[in-house]
Amino acid sequence: QVRFVESGGGLVQAGGSLRLSCAASGSIDKFNVMGWYRQAPGKQRELVATVGSSGNTNYADAVKARFTISRANGRSLVYLQMNDLSPKDTAVYYCNVRSGIREFWGQGTQVTVSS
């Protein structure tokens, strides 16, 4: 019903930057919320950031000063610019879309930050 293409994960040194991309397609309403969540080994999945159709954003406190979420105008395409990365940011990052009464998840992309 909804397909995801996630990219941009990889290995980066502490203090470096990385940009994640997620393109969603399928049965997605025009008005929707897209975002990124992450899950580190041994920890629960947590919110990173979300962005609505109007461009309104929401960030977890842990990333608010360092990460920026954005989306392409008129498309279900979301980006996450991650700056000043630390090893604590190491996790699998999952793209998420909430459309109507449904919620969908991408397969995830690994982000590893070395010290």
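Every value quoted in this text rests on a predicted model; they were computed, and no experiment measured them.

Asker: Could you clarify how one ought to interpret the state of the cysteines in this entry?
Answerer: Where two cysteines share a covalent bond between their sulfur atoms, that bond is called a disulfide. This model, assessed by the stated rule, comprises one disulfide. Linked covalently through their sulfurs, cysteine 22 and cysteine 95 form a disulfide whose S-S length is 2.0 Å. Disulfide cysteine 22-cysteine 95: torsion about the S-S bond near -85°, hence left-handed. In this pair, cysteine 22 sits in strand β3 (residues 18-26) while cysteine 95 sits in strand β9 (residues 91-99), placing the two residues 73 residues apart along the sequence. Accessibility expressed as a relative area gives 0% for cysteine 22, which makes it buried.

Asker: I would appreciate a short explanation of the pattern of salt bridges in the present structure.
Answerer: Side-chain pairs of opposite charge can arise whenever the charged atoms involved come near each other. With the rule as written, the count across this model stands at four salt bridges. Put simply, glutamate 46 and arginine 38 hold a salt bridge, and the shortest N to O gap is 2.7 Å. Take arginine 38: its relative accessible area is 7%, and that puts it in the buried class. Notably, a salt bridge pairs aspartate 61 with lysine 64, separated by 3.1 Å at the nearest N-O pair. Assessed through its relative accessible area of 68%, aspartate 61 is described here as exposed. Residue classification places lysine 64 among the partly exposed residues on the basis of a relative accessible area of 49%.

Asker: Sorry, what's going on with the environment of valine 97 here?
Answerer: On the secondary structure map, valine 97 appears in strand β9. Residues valine 97 and isoleucine 28 lie 69 residues apart in sequence; the distance between their C-alpha atoms is 8.3 Å. Setting aside residues up to four positions removed in sequence, valine 97 forms contacts with Val2, Phe4, Ile28, Asn32, Val33, Met34, Arg102, Glu103 and Phe104.

Asker: What am I meant to see in the packing of aromatic side chains here?
Answerer: As enumerated under the stated definition, the model contains one aromatic pair in all. Measuring from centroid to centroid gives 5.0 Å for tyrosine 37 and tryptophan 105, while their planes differ by 70°, and the two rings are edge-to-face. Pair noted here: tyrosine 37 is in strand β4 (residues 32-39) and tryptophan 105 is in strand β10 (residues 102-105), with a separation of 68 residues, a long-range link. What makes tyrosine 37 buried here is its relative accessible area of 16%. One residue, arginine 19, lies across the ring of tyrosine 79, its end atom 3.9 Å from the ring centre. Of note, arginine 45 hangs over the ring of tryptophan 105, and the distance from its end group to the ring centre comes to 4.6 Å.

About the thresholds
- All residue numbers refer to position in the chain's written sequence, counted from 1.
- Totals for whole chains, interfaces and linings use every residue, but because this is a predicted model, local features are given only for residues with pLDDT of at least 70 and side-chain atom pairs only at 80 or more, for both listing and counting.
- For the side-chain quantities, the full set of heavy atoms in the structure was used; hydrogens and water were omitted.
- Cysteine sulfur atoms are paired as a disulfide whenever they come within 2.5 Å of each other.
- A run of H or I in DSSP counts as a helix once it spans at least four residues, and a run of E counts as a strand once it spans at least two, with each numbered from the N terminus.
- Buried means the residue's accessible area, taken with a 1.4 Å probe over protein chains only, is under 20% of the maximum for its type, while exposed means over 50%, and partly exposed covers the values in between.
- A pair is scored as a salt bridge if a Lys or Arg side-chain nitrogen falls within 4 Å of a carboxyl oxygen belonging to Asp or Glu.
- What makes two residues a contact is simply this: any of their non-hydrogen atoms within 4.5 Å.
- Stacked, tilted and edge-to-face pairs are distinguished by plane angle, under 30 degrees for stacked and over 60 for edge-to-face with tilted covering the rest, among Phe, Tyr and Trp rings (Trp via its six-membered ring) whose centres lie within 6.5 Å.
- Note on criteria: charge over ring means Lys NZ or Arg CZ within 6 Å of the ring centre, with the direction from the centre no more than 35 degrees off the ring normal.

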